[in-house]
Amino acid sequence: MREGDRTMKRAISDRGLAVAMGLMLLAAVALGMFAPTPVRAATTGSISLSCSFERDGADVAAAGDSFALYRVADARVAAGEIEVRALAPFEGVPVDFAHMSAAQTRRASRDAARIASEQGVAPLAELQTDARGRAAVYDLAPGVYLLVRTRAAAANPGLVADPVLVGVPTAVDGDLV
């Protein structure tokens, strides 16, 4: 075999390799464009507390208070709307915030707290505020949750904290957050 023949075969071989790699890249891009989109995992949310009070004109963190978190209802988002379904034993508690006044929500929160206490419902989580009066819980499935203060720190004995129902996600000015 002559030198020129080897050079020509090598050029053809190099060109063939380049064409083959180009076709593989094109196939990968095409397959990627038509491959099914993976379904996202269920959305989760969080609840953050920031507890403080005013003393002598200054904002003071309510550090060391303990809270119990209960799951009161399932929720799902359908067509941009939040649909809720109360869980046992909270079936009688209204949880459709979109159609409730502040007074109705406060009453529902107190009713849910009473049911949790009377029926000995185990909390989903227990939280304690840090030195800045903050606490948080993450990775919550969509639903309605009840927060109840279970213990006041020695420095906060006179503070009153009503139970509160919180939606995850919730709507703020028509947007889900």
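All values derive from a computational prediction rather than experimental measurement.

Next up on the list: the pattern of salt bridges. Counted under the stated rule, the structure contains seven salt bridges. With a closest N to O distance of 2.5 Å, R85 and D74 form a salt bridge. Within this pair, whereas R85 is found in strand β5 (residues 81-86), its partner D74 is found in strand β4 (residues 66-78), the two being separated by 11 residues in sequence. With its nearest N and O atoms 3.2 Å apart, the salt bridge here joins D162 to R110.

A separate point is the nonpolar core. Core analysis: the biggest nonpolar cluster contains 18 residues, and V72, F90, V93, V95, L146 and L165 have the highest contact counts within it. Of all the secondary structure elements, the ones that give two or more residues to this core are β4, α2 (102-118) and β8 (143-151). Examining the composition of this core, we find that five residues originate from one element, α2, more than from any other. Excluding its chain neighbours within four sequence positions, the residues that come into contact with V93 are A86, A108, D111, A112, I115 and L165.

Right, let's get into unusual backbone geometry. Between A88 and the following residue, P89, the backbone shows a cis peptide bond with an omega angle of 0°. The topology assignment puts P89 in the loop between β5 and α2. One non-glycine residue, D139, lies in positive phi territory at about 60°. Counting through the fold element by element, D139 comes out in strand β7 (residues 134-140). You can call D139 exposed: its relative accessible area is 63%.

Compared with an ideal rise of 1.5 Å per residue, which puts 17 residues at 24 Å, α2 spans 24 Å between its outermost C-alpha atoms and is within 8% of the ideal. The complete set of buried residues in α2 reads T105, A108, S109, A112, A113, I115 and A116. Buried residues in α2, looked at end-on, bunch into an arc of 160°, giving them a common side. Turned more than 90 degrees off the buried face of α2, the exposed positions are S117 and E118.

Reading the values: rules and limits
- Residues numbered from 1 in each chain as written.
- Predicted model: local features only at pLDDT ≥ 70, side-chain atom pairs only at ≥ 80, totals over all residues.
- Heavy atoms only, no water.
- Salt bridge = Lys/Arg side-chain N within 4 Å of Asp/Glu carboxyl O.
- Helix = DSSP H or I, 4+ residues; strand = E, 2+ residues; numbered from the N terminus.
- Core = buried A, V, L, I, M, F, W, Y, C linked by side-chain atoms within 4.5 Å.
- Buried < 20%, exposed > 50% of the residue type's maximum accessible area, 1.4 Å probe, protein only.
- Contact = heavy atoms within 4.5 Å.
- Expected span 1.5 Å × (residues − 1).
- Arc of directions from axis to C-beta.

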